[in-house]
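Close look at the chain arrangement
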Amino acid sequence: TSISYHVGFSGTNVFDPVAVNVNPFFETDVSDWTVSGGTFVRSTTKFHEGVASGLLTPDGVTATVNVHTTHVPVQSGRPYKVSVWLNCDVSRTVNVQLLWFEGDMSFISVNTVGQALTANTWTLVEGEFVAPALSELAWMQVEMFSTPPISHLLYIDEAKILKPLDSKLTANFRSAWR
């Protein structure tokens, strides 16, 4: 009997492939995600994995339109990775962010990966960041800026926050791959 377990490598860090955030695939709904400046619904029009994705539609009047996960627990000083597939009906730049908070929900800082998207093309956007001092919570956010018109439909799939594997396990994986 064998067990297959896929581990994601990024730089010198090894990340657990299982998302720490809830509902990264949008297969049944978009619960546990919050939208600002538009609507966010489940869509089967375009998807990268499975049969559905999340569709962010701007309201056409809000300067920055975004959708974010619920908060997840983090440990300051540890690396975390955001990984998400995006597809926009038009070519434009979007931001994928990791926002850091103290335990009482006081905002600390934000890390951002800007990505130019080609119209109607799935693009993987990833970023690796270290949780700053005092951080206990984080959320991933995908945003469009510069008052996107309602025609800038953004499909989101496989939207994950990944945590590092245990340090002993990580050291063993690194040794095995040298």
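From a predicted model like this one, the values you see are computed outputs, not experimental measurements. (Residues numbered from 1 in each chain as written. Predicted model: local features only at pLDDT ≥ 70, side-chain atom pairs only at ≥ 80, totals over all residues. Heavy atoms only, no water.)

What about the pattern of salt bridges?
What the rule picks out here adds up to 2 salt bridges. With a closest N to O distance of 2.7 Å, Asp-89 and Lys-46 form a salt bridge. Taken as a pair, Asp-89 in the loop between β8 (79-88) and β9 (92-101) and Lys-46 in the loop between β4 (38-43) and β5 (53-58) lie far apart in primary sequence, 43 residues in all. Residue classification places Asp-89 among the partly exposed residues on the basis of a relative accessible area of 26%. Here Glu-126 ties to Lys-81 by a salt bridge, and the two come within 3.4 Å at their closest N and O atoms. Within this pair, whereas Glu-126 is found in strand β11 (residues 123-130), its partner Lys-81 is found in strand β8, the two being separated by 45 residues in sequence. The class of Lys-81 is buried, set by a relative accessible area of 10%. (Salt bridge = Lys/Arg side-chain N within 4 Å of Asp/Glu carboxyl O. Helix = DSSP H or I, 4+ residues; strand = E, 2+ residues; numbered from the N terminus. Buried < 20%, exposed > 50% of the residue type's maximum accessible area, 1.4 Å probe, protein only.)

Some remarks on the packing of aromatic side chains
Any two aromatic rings considered together are summarised by their centre-to-centre distance and by the angle between their planes. Tallying each qualifying case throughout the model produces 6 aromatic pairs. Centroid distance Phe-101 to Trp-139: 4.9 Å. Interplanar angle 55 degrees. Geometry classified as tilted. Pair noted here: Phe-101 is in strand β9 and Trp-139 is in strand β12 (residues 137-144), with a separation of 38 residues, a long-range link. Linked through ring pairs, Phe-26, Trp-33 and Phe-40 together constitute an aromatic cluster. A cation over an aromatic ring shows up here: Arg-92 above the ring of Phe-145, its NZ or CZ 5.8 Å from the ring centre. (Phe/Tyr/Trp six-rings, centres within 6.5 Å; stacked < 30°, edge-to-face > 60°. Lys NZ or Arg CZ within 6 Å of the ring centre and 35° of its normal.)

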